[in-house]
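Given next are the chains, with one letter for each unit.
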Amino acid sequence: MSGPALLWLGRDLRLADNPALIRATAGRRPVLALYVLDETIRPPGRGQRWWLRQSLAALEKSLSAHGIPLVLDKGDPARVLPKIAEEIGAEIVAWNRRPEAPESDARVEKALQGREVFIGSGALLTEPGQIRTGTGGAYQVFGPFWRACRASDPARPQRIPDDLAGVRQAPRGTALDALFPKDFEPAGDWRPGEEHAREQLSNFLDEGMSDYPTARDIPSVAGTSLASPRLASGEVSPRQIWQATLARMAHGKQGSEAGEVFLRELGWREFSYGILADHPDMATRPLREAFERFPWRKSKAEFDAWRAGQTGYPLIDASMRALKTEGWLHNRMRMVVASFLVKHLLLPWQDGEQWFWDVLVDADPANNPANWQWVAGCGMDAAPYFRIFNPMLQGKRFDPGGDYVRAWVPELAQLPEKHIHAPWEAPADVLRRAGVELGKTYPMPIVEHAGARQRALAALATIRQQPSPSHS
Ligand SMILES: Cc1cc2nc3c(=O)[nH]c(=O)nc-3n(C[C@H](O)[C@H](O)[C@H](O)COP(=O)(O)OP(=O)(O)OC[C@H]3O[C@@H](n4cnc5c(N)ncnc54)[C@H](O)[C@@H]3O)c2cc1C
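All values derive from a computational prediction rather than experimental measurement.

Conventions used here
Residues numbered from 1 in each chain as written. Predicted model: local features only at pLDDT ≥ 70, side-chain atom pairs only at ≥ 80, totals over all residues. Helix = DSSP H or I, 4+ residues; strand = E, 2+ residues; numbered from the N terminus. Buried ≥ 20, exposed ≤ 12 C-beta atoms within 10 Å, placed from the backbone. Pairing = 2+ DSSP bridges. Axes fitted to C-alpha atoms, helices over the stretch in contact; angles between N-to-C directions. Contact = placed C-beta atoms within 7 Å. Core = buried A, V, L, I, M, F, W, Y, C linked by C-beta atoms within 7 Å. Near = placed C-beta within 6 Å. Domains from an automatic or database assignment. Left-handed = near helix turned anticlockwise from the far one by under 90°. Nonpolar A, V, L, I, M, F, W, Y, C, P; charged D, E, K, R; others polar. Expected span 1.5 Å × (residues − 1). Arc of directions from axis to C-beta. pLDDT = per-residue confidence, 0-100.

> Can you explain the overall build of the chain? Please cite residues and give values.
A count of helices and strands for the chain gives 20 helices and five strands. Each of the 472 residues in the chain was classed as buried or not, and the buried ones make up 46%.

> Tell me about the sheet that holds strand 4 (residues 92–96), and please be specific about residues and values.
Strand order in this open sheet of five strands is 3-2-1-4-5, and the pairing throughout is parallel. A strand with exactly one partner marks an edge of an open sheet, and here the two such strands are strand 3 (70–75) and strand 5 (116–120). Averaged over all pairs of adjacent strands, the angle between their axes in this sheet comes to 25 degrees, without regard to strand direction. Sheet topology places strand 1 (residues 5–9) next to strand 2 (residues 31–38); five bridges connect them, and they run parallel. Of the residues in strand 2, the one forming a bridge with Leu-6 is Leu-32. Its contacts with the sheet put helix 2 (residues 46–65) on strand 2 and strand 3, and the angle it makes with strand 3 is roughly 145 degrees.

> Got a sec to walk through the environment of Arg-159? Specific residues and values, please.
Mapping Arg-159 onto the fold places it in the loop between helix 5 (142–150) and helix 6 (176–179). Note: C-alpha distance between Arg-159 and Arg-334 (175 residues apart in sequence) is 35 Å.

> Describe the nonpolar core, naming the residues involved and giving the relevant values.
Leu-6, Leu-7, Trp-8, Leu-32, Ala-33 and Leu-34 are the most contacted members of the largest nonpolar core, which has 126 residues in total. The dominant element in this core, judged by the number of residues it contributes, is helix 11 (residues 253–278), at eight residues. Among residues more than four places away in sequence, those in contact with Leu-34 are Leu-6, Leu-7, Trp-8, Leu-9, Val-71, Asp-73 and Ile-84.

> Pulling in residues and values, what's your account of unusual backbone geometry?
For residues that are not glycine, phi is negative in most cases, and the peptide bond is trans in most cases. Of note, Arg-28 is a non-glycine position whose phi angle comes to about 55 degrees, a positive value. Looking at the secondary structure, you find Arg-28 in the loop between helix 1 (19–25) and strand 2. In this structure, Asp-153 is a non-glycine residue whose phi angle is positive, near 55 degrees.

> How would you explain the environment of Pro-192 if you had to name every residue and give the values?
Here Pro-192 lies in the loop between helix 6 and helix 7 (194–208). With 23 C-beta atoms counted inside 10 Å, the residue Pro-192 sits in the buried group. Residues Pro-192 and Ala-57 lie 135 residues apart in sequence; the distance between their C-alpha atoms is 9.2 Å.

> Let's hear about the site of the ligand: which residues, and what values?
Close to the ligand lie 27 residues; Thr-224, Ser-225, Asp-364, Asn-368 and Asn-371 are nearest. Each of domain 2 (124–156 + 194–278) and domain 3 (289–464) accounts for three or more of the residues forming the shell around the ligand.

> Hey, could you go over the pairing of strand 1 for me, with residue numbers and the actual values?
Where burial is concerned, most of strand 1 is hidden: five out of the five residues are buried. Strand direction decides the pairing type here: strand 1 and strand 4, joined by four bridges, are parallel. Across the sheet, the residue bridging to Leu-7 is Ala-94, located in strand 4.

> Tell me about the domain arrangement of the chain, residues and numbers included.
By a widespread convention, an interface's size corresponds to the accessible area lost as its parts come together. Looking at the assigned domains, one finds that the chain contains domain 1 (5–122), domain 2 (124–156 + 194–278) and domain 3 (289–464). Between the C-alpha centres of domain 1 and domain 2 there is a distance of 25 Å. The interface of domain 1 with domain 2 comprises 18 residues on the first partner and 16 residues on the second.

> So what's going on with the packing of helix 3 (residues 77–88) against helix 4 (residues 102–111)? Residues and values would help.
The interhelical angle for the contact between helix 3 and helix 4, taken along N-to-C directions, is 35 degrees, at an axis separation of 8 Å. The crossing of helix 3 and helix 4 is right-handed. On the side of helix 3, the interface is formed by Pro-77, Ala-78, Leu-81 and Pro-82, while helix 4 contributes Ser-104, Arg-107, Val-108 and Ala-111. Looking at side-chain class alone, the contact of helix 3 with helix 4 contains six nonpolar, one polar and one charged residues.

> Could you give me a rundown of the pairing of strand 4, with the residues and numbers involved?
Remark: a regular strand shows side chains that alternate across the two faces of the sheet. Strand 4 sits mainly inside the fold: five of its five residues count as buried. By the alternation rule, side chains of strand 4 split into Ile-92, Ala-94 and Asn-96 and Val-93 and Trp-95, which are all buried. Pairing of strand 4 with strand 5, which is carried by five bridges, proceeds in the parallel orientation. Note on strand 5: the bridge partner recorded for Ala-94 is Phe-118.

> Describe helix 7, with residues and values.
For helix 7, built from 15 residues, the straight-helix expectation of 21 Å at 1.5 Å per residue is met to within 8% by its first-to-last C-alpha distance of 20 Å. Within the sequence span of helix 7, burial applies to Glu-194, Ala-197, Leu-201, Phe-204, Leu-205 and Gly-208. One side of helix 7 holds all its buried residues, which, seen down the axis, span an arc of 120 degrees. Away from the buried face of helix 7 by more than 90 degrees, exposed residues Glu-199, Ser-202, Asp-206 and Glu-207 are located. In this structure, the buried side of helix 7 is in contact with helix 2, helix 8 (212–215), helix 9 (228–233) and helix 10 (238–249).

> Describe the confidence of the model for the chain, naming the residues involved and giving the relevant values.
Regions with low pLDDT carry predicted coordinates that are not meant to be interpreted in detail. Per-residue confidence for the chain gives a mean pLDDT of 95, with 98% of residues at or over 70. A low-confidence stretch, residues 468–472 stays under pLDDT 50, and its non-local contacts, those more than four residues away or across chains, total ten contacts.

So this is what it looks like as structure tokens:
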């Protein structure tokens, strides 16, 4: 048997399809697994911390079933890894590339000079730089990117190696409680861990996927895969989802069309990571430079009302309450509430991005900023800024019976369907019968829709008048 290997886990909290685990264990090396809360990069928010805490506990169990100890630590991985590698006499240190932290990865590699290092790839479908335009640049538009990605034939996922073994003695690390204190508990039936991720995926593929193209737009039904927190923590790899989806699609035509719609969404994730590679500061800096001069307003009161779900727009409030309670929000509702913040309230998209980052259990360093910039009109292949979601029409279209609003805004539950998305338009006797007193039991709209729309368009015009070269 060869000497020990140090396996560094980050956002790949799984045993299956884990190239670093496969490499670490090759030659039946005894393995020590290490998780480091990297303090040199953006710290995880409350939602993510909750998820990671549960997911690490599950991972510790499955590793220990193979005799592999898991040590937890925090700090700068470029300091922690060499120290632990030394302590266990590691002959190889293996991890999977973190596309969101290339600089930190490079520093760790440098700090380990003299020791064998293996860096695998497991976070994305394709290698960085693999999908490029004919002239070698990054795609700026999703359509052609997706066609290239769809044709790229991602690698097959790899199985858990046989004969895993652990080192006999593990160094002392940090306790899970100290790493991720219990400061947030999302409601809902969340079950972190690789095993549940696998279950959830096959349930979705067997039962949910055929309805996905239509059900995915309705917030009151569970019509999507809920794969996002599992992808964010790496309990499942995109290659596993990709191959499992293709396998189901091979069964029939209907499944095949729905599968294409689903795979395309994974393509958006891939596209976001492509943007992040070229724009590591995309959580704070608009990709379109003209937006640096956008006349954003400042209003703590309005931002707080948005966060708390107290804007007086039922669909916005239902969504923001769902987000804060469950640590997750339906994709369409993410778009609607993000648009409301940046367009109706003219508040900076970066503040919204930070709030999402703080509460989402699936907070993702590429998807979150890329989507915020997309909604704000300053991102890659973005929705034009002048396209302003109307929260009442969105409600009528995607929550026609008002079920979603009634579930999250109980003070409006008795309102008839006709008025559920615009209570301020309801006659006084209708409000009275529903027990709604606007301004008392439920707020009046924080801003008037038509006026807000005009204000947003006028703000946009101020940056349009200036030359706006986009920096790439
Ligand atoms: C303002 C805003 C912020 C967002 N923040 C995040 C975030 O922090 N983390 C995150 O994972 N997603 C984010 N999204 C994208 C999307 O809303 C979620 O991925 C999706 O709702 C997760 O649910 P699901 O896994 O059931 O999705 P499904 O519909 O089942 O999709 C499957 C997978 O495809 C990917 N995907 C789907 N939609 C998108 C998209 N628009 N962009 C990129 N990838 C996508 C995700 O990995 C998702 O898990 C954001 C969207 C918006 C509009």
